[in-house]
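Each chain, written out:
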Amino acid sequence: MTAMATETVHRLTATDDTLFGDAAALFDEYRQYYGANPAPEAVAEWMLEQVMSSRTRIYVAGTAAEAYGICSIAVVPAALTLRTAWLVRDLYVAPQARQKGVAKALLELIAHDARTSGAHRLSLQTETTNVRAIELYAKSGYSVLTDVALMDHVL
């Protein structure tokens, strides 16, 4: 657990974490921000499945009483280096907590955990129109890759 001024950032590992419910609510808010319909129960079930199966690592930032930010990480094999690559999948900070270092604190702990686990790389993607996020990521050490083609196949 990494301490900030009056907040903590840590990885969720069980549903009995005091911030699990708030983190699920933030994930639902995040989904709605991108046009998904509200689904609080389904989001909580999805998070439980992800956390318990270790398919996704979910980090939460907040006080002991309230979550302000969430981030999900996919850890995938990196065969060429015989290590892993960590992919930041979802990063969301509640509007009232933005510009207060919450996203930065999440990214710092995730980078620390990735380094500690021996990961080869930590990557993320965002929309090119999300200028504030791109600025944050650049300040956090990320750089734009120009020699990679991002492709998608929706199933």
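Scoring rules and cut-offs
- Residues numbered from 1 in each chain as written.
- Predicted model: local features only at pLDDT ≥ 70, side-chain atom pairs only at ≥ 80, totals over all residues.
- Heavy atoms only, no water.
- Phe/Tyr/Trp six-rings, centres within 6.5 Å; stacked < 30°, edge-to-face > 60°.
- Helix = DSSP H or I, 4+ residues; strand = E, 2+ residues; numbered from the N terminus.
- Buried < 20%, exposed > 50% of the residue type's maximum accessible area, 1.4 Å probe, protein only.
- Pairing = 2+ DSSP bridges.
- Right-handed = clockwise from strand over helix to strand, strands pointing away.
- Core = buried A, V, L, I, M, F, W, Y, C linked by side-chain atoms within 4.5 Å.
- Axes fitted to C-alpha atoms, helices over the stretch in contact; angles between N-to-C directions.
- Left-handed = near helix turned anticlockwise from the far one by under 90°.
- Contact = heavy atoms within 4.5 Å.
- Nonpolar A, V, L, I, M, F, W, Y, C, P; charged D, E, K, R; others polar.
- Salt bridge = Lys/Arg side-chain N within 4 Å of Asp/Glu carboxyl O.
- Expected span 1.5 Å × (residues − 1).
- Arc of directions from axis to C-beta.

Colleague: Please clarify how the packing of aromatic side chains should be interpreted in this entry.
Modeller: Here a ring pair, both rings aromatic, is described through the centre-centre distance and the interplanar angle of the planes. The final tally for this structure, using the stated rule, is seven aromatic pairs. Between Phe27 and Trp46 the ring centres are 5.7 Å apart and the planes differ by 65°, which places this aromatic pair in the edge-to-face class. In this pair, Phe27 is assigned in helix H1 (residues 20-33) and Trp46 in helix H2 (residues 40-53), connecting sequence segments 19 residues apart. Since its relative accessible area comes to 34%, Trp46 is described here as partly exposed. Taken together, Phe27, Tyr30, Tyr33, Tyr34, Trp46 and Tyr92 form an aromatic cluster joined through their ring pairs.

Colleague: Help me understand the pairing of strand E6 (residues 121-124), please; the structure alone is not making it clear to me.
Modeller: Consecutive side chains along a regular strand alternate between the two faces of the sheet. Here strand E5 (residues 83-93) pairs with E6 via four bridges, running parallel. Note on E6: the bridge partner recorded for Ala85 is Arg121. Taken together, E5, helix H3 (residues 102-116) and E6 form a β-α-β motif whose crossover is right-handed.

Colleague: Would you take a moment to explain the nonpolar core for this structure?
Modeller: One recurring pattern in soluble globular proteins is that nonpolar side chains are buried together. In this structure, Trp86, Val88, Leu91 and Leu106 are the most contacted members of the largest nonpolar core, which totals 25 residues. Among the secondary structure elements, those contributing two or more residues to this core are strand E3 (56-62), strand E4 (67-78), E5, H3 and helix H4 (131-139). A total of nine residues in this core trace back to one element, the largest contributor, which is H3. In terms of nonpolar packing, the next biggest core, distinct from the first, is built from 17 residues, Ala23, Phe27, Tyr30 and Met47 among them.

Colleague: What exactly am I supposed to notice about the packing of H1 against H2 here?
Modeller: Relative orientation of the contacting elements H1 and H2 amounts to 115°, with a least axis distance of 9 Å. Judged by the twist between their axes, the crossing of H1 over H2 is right-handed. Within the contact between the two elements, H1 uses Phe20, Ala23, Ala24, Phe27, Asp28 and Arg31 and H2 uses Pro40, Val43, Ala44, Trp46, Met47, Leu48 and Val51. Per-class residue counts for the contact of H1 with H2 are eleven nonpolar, no polar and two charged.

Colleague: Quick question: what am I supposed to make of the pattern of salt bridges here?
Modeller: As a working rule, side chains carrying opposite charge can pair if their charged atoms are close by. Under the definition given, this model contains three salt bridges. A salt bridge links Arg55 to Glu49, with the shortest nitrogen-to-oxygen separation between them at 2.4 Å. A relative accessible area of 46% means that Arg55 is categorised as partly exposed. With its nearest N and O atoms 3.6 Å apart, the salt bridge here joins Lys104 to Glu108. Taken together, the residues Lys104 and Glu108, both in helix H3 and four residues apart, mark about one turn of the helix. Owing to a relative accessible area of 45%, Lys104 belongs among the partly exposed residues under this scheme. Owing to a relative accessible area of 45%, Glu108 belongs among the partly exposed residues under this scheme.

Colleague: Please explain H2 as it appears in this structure.
Modeller: Quick reminder: α-helices carry 3.6 residues per turn. Residues three or four places apart thus point the same way. Between its terminal C-alpha atoms H2 stretches 20 Å, which fits the 20 Å expected from 14 residues at 1.5 Å a residue. Residues Val43, Met47, Gln50 and Val51 constitute the buried set of H2. Taken down its axis, H2 places every buried residue within 95° of arc, on the same side. Every exposed residue of H2 that faces more than 90 degrees away from the buried side is listed here: Glu41, Glu45 and Met52.

Colleague: Looking at this model, I keep getting lost on unusual backbone geometry. Mind explaining?
Modeller: Most peptide bonds adopt trans geometry, and most residues besides glycine take a negative phi value. Here Ser54, not a glycine, exhibits a phi torsion of approximately 65°, which is positive. One can find Ser54 in the loop between H2 and E3. Of note in this structure, Leu82 is not a glycine but carries a positive phi near 55°. Position of Leu82 among the secondary structure elements: in the loop between E4 and E5.

Keep in mind these values describe shape, not function.
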